[in-house]
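Chain by chain, the residues run as shown.
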Amino acid sequence: MDLLQLSQWRYATKKMDPARSVPAEVVARICETARLAPSSSGLQPYEILLISDPELRRRIRAAANDQSQVTDGSHLLVFAAWDTYTPERINQMFDQTNADRGVTIPGWEDYRQRLLAAYPQRSAEVNFEHAARQAYIGLGFALLAAANEGVDSTPMEGFDPAAVDEILGLRAKGLRSVLLLPLGYRDAEGDWLVKLNKSRRPMREFVTEIA
């Protein structure tokens, strides 16, 4: 399927089949696609926790309004953003970029200094919100990657971030949970949404062309 067909096929799956497990190599490709997603200044200010442990997912489900996809799917991706930007984090990403490219570009180094002069001086909450927005870009890539693999998914904001942070020990790692993404396969007989038409605003209301 092309991207439009994939976008038509996927939906926020409400009921997953707990008897079916997504193969590890498929999950790895979905995560790799999210890793390759763009981010502001290339900082990648978030991480993905890949959770298959049933007991851990059961605890997270309790903090996610008892949404069954968390445990009925075979894997759960937790997108966790940096709690703030620090000079160490910024420098690490710039150093890695230089190493990966095998060259140091003066303009790029000037840009490093601009970020170092700006980001760490902002409040931690402003920095976290900025980092969290980058995680949403990775989520979009993961959603389409899952659809491309024939895997169902459900993006979730409906959970208690503080509880999930505590369950996973995220604050000690300088992270805060932003999004949950269960992966699995739809239960076509048990999902009330699967047979309903996709509903979106018409193009004329969604896109305004300014020539």
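What counts and how
Residues numbered from 1 in each chain as written. Predicted model: local features only at pLDDT ≥ 70, side-chain atom pairs only at ≥ 80, totals over all residues. Heavy atoms only, no water. 1 Å grid on protein atoms, 1.4 Å probe; cavity = no way out; pocket = protein on both sides within 12 Å on 5 of 7 lines; lining within 4 Å. Points joined across faces, edges and corners; volume = space filled by probe spheres on them. Helix = DSSP H or I, 4+ residues; strand = E, 2+ residues; numbered from the N terminus. Nonpolar A, V, L, I, M, F, W, Y, C, P; charged D, E, K, R; others polar. Expected span 1.5 Å × (residues − 1). Buried < 20%, exposed > 50% of the residue type's maximum accessible area, 1.4 Å probe, protein only. Contact = heavy atoms within 4.5 Å. Phe/Tyr/Trp six-rings, centres within 6.5 Å; stacked < 30°, edge-to-face > 60°. Lys NZ or Arg CZ within 6 Å of the ring centre and 35° of its normal. Pairing = 2+ DSSP bridges.

## Observations concerning the layout of surface pockets
Reported here for the largest pocket is a volume of approximately 360 Å³. Every element with two or more residues in the lining of the largest pocket is listed here: helix H2 (24-35), strand S1 (46-51) and helix H5 (87-101). Considering each element in turn, the lining of the largest pocket owes the most residues, 4 residues, to H2. Of the residues in the lining of the largest pocket, the class split is 9 nonpolar, 5 polar and 3 charged.

## Comments concerning H5
For H5, built from 15 residues, the straight-helix expectation of 21 Å at 1.5 Å per residue is met to within 8% by its first-to-last C-alpha distance of 21 Å. Restricting attention to buried positions, one finds in H5 the residues Arg89, Ile90, Met93, Phe94, Thr97 and Asn98. If you follow the buried residues of H5, they end up packed against strand S2 (75-82) and helix H6 (106-118). The first or second residue beyond H5 is Gly102, which carries a positive phi of 70°.

## What to know about unusual backbone geometry
Positive phi outside glycine occurs at Ser41, with the angle close to 60°. Inspection of the secondary structure assignment puts Ser41 in the loop between H2 and S1. Within the chain, Gln44 stands out as a residue other than glycine whose phi angle is a positive 45°. Tracing the chain through its elements places Gln44 in the loop between H2 and S1. In this structure Gln44 comes out as partly exposed when scored by relative accessible area, which is 28%.

## Let's talk about the packing of aromatic side chains
In this structure the tally under the stated criterion is 6 aromatic pairs. Note on Trp82 and Tyr85: the rings are 5.7 Å apart at their centroids and 75° apart in plane angle, and the pair reads as edge-to-face. The burial state of Trp82 is the same as that of Tyr85; both residues are buried. Relative to Tyr111, the ring of Phe94 lies with its centre 6.3 Å away and its plane at 45°, an arrangement referred to as tilted. With Phe94 in helix H5 and Tyr111 in helix H6, the pair connects residues that are 17 residues apart, well separated along the chain. The exposure class assigned to Tyr111 is partly exposed, which follows from its relative accessible area of 24%. Three or more aromatic residues joined by ring pairs form one cluster here, namely Trp82, Tyr85 and Tyr119. Sitting over the ring of Tyr185, Arg20 keeps its end group 4.0 Å from the ring centre.

## With respect to the pairing of strand S4 (residues 175-184)
Burial within S4 is extensive, with 10 of its 10 residues counted as buried. As defined by bridge partners, S2 adjoins S4 across 8 bridges and the pair is classed as antiparallel. Residue pairing in the sheet places Leu77 in a bridge with Leu181 of S4. Across 2 bridges, strand S3 (residues 152-153) lies against S4 in antiparallel orientation. Looking at S4, one finds that Asp152 is bridged to Gly184.

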